[in-house]
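# Coordinate analysis (summary)
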Amino acid sequence: MAEKNYKHWKIEEDESGIVWLHLDMANSTTNVLSAEVLTELESLLTVYEKQPPRGLIILSDKENGFIAGADVKEFTTFSSENEARDAIERGHRIFNQLEKLPCPTVAVLHGFTLGGGLELALACRYRVADNDASTKLGFPEVKLGIHPGFGGTVRCLERLGPLNGMDLLLSGRNLSARAAKKLGLVDYAVARRHLLEAARQTVAKPPKRKTLPFWVKWLNHARVRPLLARVFIKKVAARAPRAHYPAPYAVIDLWVHHFGDRKTMLHEEAASVARLIVGKTAQNLIRVFNLQEKLKSLGRLDSYKPQHVHVVGGGVMGGDIAAWCAMQGFNVTIQDRAHQTLARVVKRAHDLFKKKLKQRLLVTAALDRLMPDLRGDGLKRADIVIEAIFEDVDVKRELFKQIEPRLKEETIIATNTSSIPLEELSGVLQKPERLVGLHFFNPVAKMPLVEIVHGKQTSEETRNKASAFTRQIQRLPLPVTSTPGFLVNRVLMPYLIEAVVLAEEGVPLKVIDKAATDFGMPMGPIELADTVGLDICLKVAEKLAGQMNVEVPKILRDKVANKQLGKKSGNGFYPFKNGKPVKPEADKHYTPPTDLQDRLIMRMLNEIVACLRDKVVENEDLADAGVIFGTGFAPFRGGPVHYIHDRGVKQLTTLLDNLLHRYGERFKADPGWELLAKEHKH
Ligand code: NAI
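Residues numbered from 1 in each chain as written. Predicted model: local features only at pLDDT ≥ 70, side-chain atom pairs only at ≥ 80, totals over all residues. Heavy atoms only, no water.

What follows deals with the overall build of the protein. Within the protein, the regular secondary structure consists of 27 helices and 20 strands. What you see for the protein is a C-alpha radius of gyration of 27 Å, in line with the 26 Å of a compact globule of 682 residues. With the C-alpha coordinates of the protein rotated into their principal frame, the extents come out at 80 × 65 × 50 Å. Residues counted as buried form 55% of the 682 residues belonging to the protein. Nonlocal contacts in the protein, meaning residues at least 24 apart in sequence, comprise 73% of its contacts between residues at least 6 apart. Of the roughly 30,800 Å² of accessible surface on the protein, a fraction of 53% belongs to carbon and sulfur atoms. Seen as two clouds, the 98 positive and the 81 negative side-chain charges of the protein have centres 6 Å apart. (Helix = DSSP H or I, 4+ residues; strand = E, 2+ residues; numbered from the N terminus. Rg over C-alpha atoms; globule rule 2.2 N^0.38 Å. Buried < 20%, exposed > 50% of the residue type's maximum accessible area, 1.4 Å probe, protein only. Contact = heavy atoms within 4.5 Å. Areas by Shrake-Rupley, 256 points an atom, 1.4 Å probe, with all protein chains shown as cover. Lys, Arg positive; Asp, Glu negative; His and termini not counted. Charge placed at Lys NZ, Arg CZ, Asp CG, Glu CD.)

Of all residues adjacent to the ligand, which total 22 residues, the nearest are Met317, Asp336, Glu391, Lys396 and Ser418. Contact between the ligand and asparagine 416: an oxygen atom at 2.9 Å from a side-chain N or O atom of the residue. Relative to its free-state accessible area of 840 Å², the ligand is covered by the protein chains to the extent of 83%. Contributions of two or more residues to the shell around the ligand are made by helix 12 (316-327) and helix 15 (393-403). Of the residues contributing to the shell around the ligand, the split by class is nine nonpolar, nine polar and four charged. (Near = heavy atom within 4 Å. Polar contact = N/O pair within 3.5 Å; in protein donor to acceptor, adjacent residues only side chain to side chain. Nonpolar A, V, L, I, M, F, W, Y, C, P; charged D, E, K, R; others polar.)

This part takes up the domain arrangement of the protein. Parsing the protein into structural domains produces domain 1 (9-278), domain 2 (315-487) and domain 3 (489-615 + 648-679). Once you take the C-alpha centre of each, domain 2 and domain 3 turn out to be 30 Å apart. Contact with domain 2, which involves nine residues of that partner, is made by nine residues of domain 3. Carbon and sulfur atoms supply 58% of the area that domain 2 and domain 3 bury against each other, a total of about 860 Å² over both sides. Inspection of the domain 2/domain 3 interface yields zero salt bridges. Inspection of the domain 2/domain 3 interface yields four residue pairs in polar contact (both at pLDDT 80 or more). (Domains from an automatic or database assignment. Buried area = accessible area lost by both parts, 1.4 Å probe. Salt bridge = Lys/Arg side-chain N within 4 Å of Asp/Glu carboxyl O.)

So, about the sheet that holds strand 2 (residues 18-23). Read across the sheet, six strands follow the order 1-2-3-5-7-10 without closing on themselves; strand pairing throughout is mixed. For this open sheet the edge positions go to strand 1 (9-13) and strand 10 (188-190), each flanked by a neighbour on one side alone. With direction set aside, neighbouring strand axes in the sheet form an average angle of 20°. Pairing analysis gives five bridges linking strand 1 to strand 2, with the strands arranged antiparallel. Bridging across to strand 2, tryptophan 9 finds its partner in leucine 23. (Pairing = 2+ DSSP bridges. Axes fitted to C-alpha atoms, helices over the stretch in contact; angles between N-to-C directions.)

Moving on to the pairing of strand 7 (residues 126-130). Within strand 7, five of the five residues are buried, leaving the element largely enclosed by the surrounding structure. Burial along strand 7 is two-sided: the residues Tyr126, Val128 and Asp130 and Arg127 and Ala129 are all buried.

With that out of the way, let us pick up the pattern of salt bridges. Summed over all chains, the structure comprises 46 salt bridges. Between glutamate 197 and arginine 200 there is a salt bridge whose closest N-O contact spans 3.1 Å. With glutamate 197 and arginine 200 both in helix 6 (residues 195-204) and three residues apart, the pair spans about one turn of that helix. A relative accessible area of 37% means that glutamate 197 is categorised as partly exposed.

So, in structure tokens, the structure goes:
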């Protein structure tokens, strides 16, 4: 029995001689595998190695899960590849120690069981998991630009075989306990109340360990691996090019070259993660992870507990916002002017719930929470009202005038306007301090960001509550000022317009899009404009044209006049088939202009610099976070401002000067570049 006192682990020995090792990380609501947690585990295992108990059961005392992964904070502290490698190899030694204990070992899993947490579980002989929907098992490492580094790639592929194993490692997706049981990743998936008994029984009567079927083993054969690897590589390449995201390719390489030679593969796994973790991609993706945590923290206000959301306007946005809020557990009333519109909202919501919630009971419960409300009866009960009616100042003002007297004193009024300054709307309210912008993006169910727009009159309390609500519906709040285009549309618009100008100049559409995706954007600007809707783009462009350096291209106006609105009308810049653009091939002999990518990206970077100067967001990190989560800006580059510092202000302003001489005023460097250079001593 281990005698010492431990900070993070609690040890309990039951009457049958089984040791229960509880992880309860000090000063944290979540368990992570920090260096300290591992050091203590090592010391415990050294004792059990010498005096093995009857069985060892590892479990977590945290409500939210087993272990959420390694400590990401520690990932940025390595000063060299060698230092990273030492830390990783230490983890290897500890997990090997656990694997080699002569007694049965069982990991008891519930909630988050991710990354290093799942690796630890795999180093145990058995795993039992809570079959509740909150149990999530997975290897999210590739999303941080690395792969499992504590023997997880080896153990996962051994346990699941290459098809299921690679799928888990390369996609970074999570499995439910049931799915994990089906694949053989866990031995039992049982109800929470049976979890401990299941672990005890597993030690008492250890089941035979399952082996893979013959044909799966055959896929691991040295001659088969290179062939199968080609399939994996093709699949990965469609999502993440090797030059930008090396980690998934490194996993495939490890398997191809070393599977079957366990010792070497473990050794090479450590070397590979060490190489990746100090590289630019991983460091930038870790930065993105931290930015996400930062946005989440802005929504922390535990005392705010709204129950009822009332949405006015059941169009594209209002309908989807209402459905999303209902899916997240809120009681929602949705108001519009006609029954038919509300029926459409419910139909769309039903489709969304079926897709996301899957189980019938959950779908029915979510539908029950979404109430069509033609007369606006929900207004008096609402804790928060979200307005998403036509983008028209007078119509919105009229609505606010009508609804305010029907609201509770403390109800927040949120508008989803994408272009109207809040100051133009708040004048009609008795309590203008309760008006805030909640600017969602389309499609609501996919876009993680919500801009929290504050006008001069918005009170701090309203802002904080709006951010907290945004978090409660699983979205990321970004505080922005009520200035034209806020942050995301303002940065996006010049880039989209430059793409349209290029199209007018005759550059093939596919070539324009490719220049952007080669940079790392998730979708090219032409396809993006078609997807958002050319009418919406035109409206935002016209609105911004007055205030910014943008001129609305004629081709955009023509398309909208001809009802070529993009995806929703089946035809825009591209024709659409089954919801996908059909992109005509460019002429084989066509050579794109060498400055094509610069023209697109520099418009965007120049605008983000202008936003910083205008203080649309509070600081550079929030600017990066907003553009990454609002536009999908190449995550592996760590955000546009980070990218500017990486390339250097001087180099980029010289580039802008060249473009200014070639193409005119729209490339004039914003005065903000000078401030940036001064602040960072570039
Ligand atoms: P939409 O035209 O699809 O829907 C507007 C809905 O509001 C219609 O169903 C209409 O019947 C209803 N409506 C109008 N006046 C009303 C009233 N007095 N009472 C009740 N219902 C009323 O418009 P969409 O695209 O959903 O936009 C709504 C708001 O969201 C606008 O302010 C827009 O700027 C903003 N927005 C739109 C985005 C988009 O991509 N469509 C993205 C972000 C914000």
